[in-house]
Amino acid sequence: KRSTVSLLSPEARIALLPRRAGLAAGGRPPALRDAEQGGLGALDELLAAQGGLRGRARVTLSHHLARLFLVPAPPVRLRPREMRPWLEDRLADTLGRPSDWRLTWDPPVPGHPVLAAAVESALIDGLAATLGRHGLGLAGVRPWLADAWNRRRLGRASGWYGLLEPGRMTVLRLAGGRPASLRQRALGDDAAADLAALLAREDLLAGSEASTDVWLERAGVQGDWSRLGGGRRVHELAGPADPALALLSCAP
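Owing to the predicted nature of the structure, the values given are computational and were not obtained by experimental measurement. (Residues numbered from 1 in each chain as written. Predicted model: local features only at pLDDT ≥ 70, side-chain atom pairs only at ≥ 80, totals over all residues. Heavy atoms only, no water.)

### Concerning helix α3 (residues 121-133)
To keep things clear, this is the line we draw: To qualify as a helix, a DSSP run of H or I must reach at least 4 residues; to qualify as a strand, a run of E must reach at least 2; elements of each kind are numbered from the N terminus. One fewer than the residue count of a helix, multiplied by 1.5 Å, yields its expected span. Partly exposed residues are those whose accessible area sits between 20% and 50% of the maximum for their type, while under 20% is buried and over 50% is exposed, using a 1.4 Å probe and protein chains only. Two residues qualify as a contact provided that any one of their heavy atoms is within 4.5 Å of a heavy atom in the partner residue.
Its 13 residues place the ends of α3 18 Å apart at the C-alpha level, agreeing with the 18 Å of an ideal helix rising 1.5 Å per residue. Turning to α3, its buried residues number three or more, namely Ser121, Leu123, Ile124, Gly126, Leu127, Thr130 and Leu131. At its buried positions, α3 is contacted by β1 (12-16), α1 (39-50), β4 (55-61), β6 (101-105), β7 (114-120) and β8 (136-143). Just past α3, the residue Gly135 takes up positive phi, approximately 80 degrees.

Structure representation (structure tokens):
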């Protein structure tokens, strides 16, 4: 059965990365764990070490674990139960079989694009099983971008909003405070050069003047952002340097 996971009053917050997990629950300080067998293995170890947790958990995913899309607005207002089949149809050519993926999305604003994420069904099932072994239910799964953007917003800003983590960059073009386009790309050792190339290419494709303002959310990534060029003004947003803590800090 395919469904969007409910987001009801979670008691625990979890960050999941390819080989790392973070946990904040019960008023305790955040706990972090690395594991060669992957993020689910790290989470299993964390939950075993914490013990005594009950209730539900909300999970924020690294962008290595979710494919992000900015889908053009539906032509008519859709009810919540109509959104999933509509999104599945729009993303079918990219994602293939709907059974291989679970979709999550922000509630749509009429006339504006829909921010959606696709997560492999196997990962969602693995999360539910791992949590279940330790007395927790799965309250919700969202990508880092969704939680971070809902926390930041940035008013009516126009320019770029970027989220950088080791090996991955995600950027939103903003127009009057609304997302206008989205790109997800690999990030190499020279983060500033990779980001500069992406922004220059996107400005060229958009056929518009360079967007000079860039708001950066980064964790575990360093760079000389003055090298972005084009007269860009970089605004570094405060947040934890550790990627797992960055994901935990933006979850509701």
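### As for the pattern of salt bridges
Rule in force here: For salt bridges, the criterion is a side-chain nitrogen of Lys or Arg within 4 Å of an Asp or Glu carboxyl oxygen.
Here the structure, examined in full by the defined rule, presents 18 salt bridges. For the salt bridge of Arg20 with Asp242, the shortest nitrogen-to-oxygen distance reads 2.6 Å. With Arg20 in strand β2 (residues 20-25) and Asp242 in the loop between β13 (233-236) and α6 (243-250), this pair connects stretches of sequence that are 222 residues apart. Residue Arg142 pairs with Asp147 through a salt bridge whose shortest N-O separation is 2.7 Å. Owing to a relative accessible area of 3%, Asp147 belongs among the buried residues under this scheme. Linked by salt bridges that have partners in common, Arg58, Asp106, Arg142 and Asp147 make up one network.

### What about the side chain of His63?
Definition in use: N or O atoms within 3.5 Å of each other form a polar contact, as long as, within protein, one can give a hydrogen and the other can take it, and as long as residues adjacent in sequence are counted only when both atoms are side-chain atoms.
Considering the arrangement of structural elements, one finds His63 in the loop between β4 and β5 (67-71). At a separation of 2.9 Å, a polar atom in the side chain of His63 contacts the side chain of Thr170.

### Some details on the sheet that holds β7
Each strand in a sheet pairs with its neighbour through backbone hydrogen bonds, running either in the same direction (parallel) or in the opposite one (antiparallel). Selection criterion: Strands are treated as partners if at least two bridges between them are detected by DSSP. The convention used is that axes are lines fitted to C-alpha atoms, helices contributing only their stretch in contact, and that angles between N-to-C directions extend from 0 to 180 degrees.
Ordered in space as β5-β7-β6, the three strands form an open sheet in which the pairing is antiparallel. Only two strands of the sheet have a single partner each, and these edge strands are β5 and β6. Taking each pair of neighbouring strands and ignoring which way they run, the sheet shows an average axis angle of 25 degrees. Note that β5 and β7 share five bridges and pair antiparallel. The residue of β7 that forms the bridge with Leu70 is Leu115. The sheet contacts of helix α2 (residues 80-95) involve β5, β6 and β7, and relative to β6 the element is tilted by about 125 degrees.

### Some details on the nonpolar core
This is how the line gets drawn: Nonpolar cores are built from buried Ala, Val, Leu, Ile, Met, Phe, Trp, Tyr and Cys residues. Side-chain atoms within 4.5 Å join them into one set.
If you look at the biggest cluster of nonpolar residues, it comprises 50 residues, and the most contacted ones within it are Leu145 and Tyr161. Apart from residues lying up to four places away in sequence, Tyr161 is in contact with Leu145, Ala148, Trp149, Arg152, Leu154, Thr170, Val171, Leu172, Leu174, Trp215, Glu217 and Leu237. In terms of nonpolar packing, the next biggest core, distinct from the first, is built from 16 residues, Ala192, Leu198, Leu199 and Leu216 among them.

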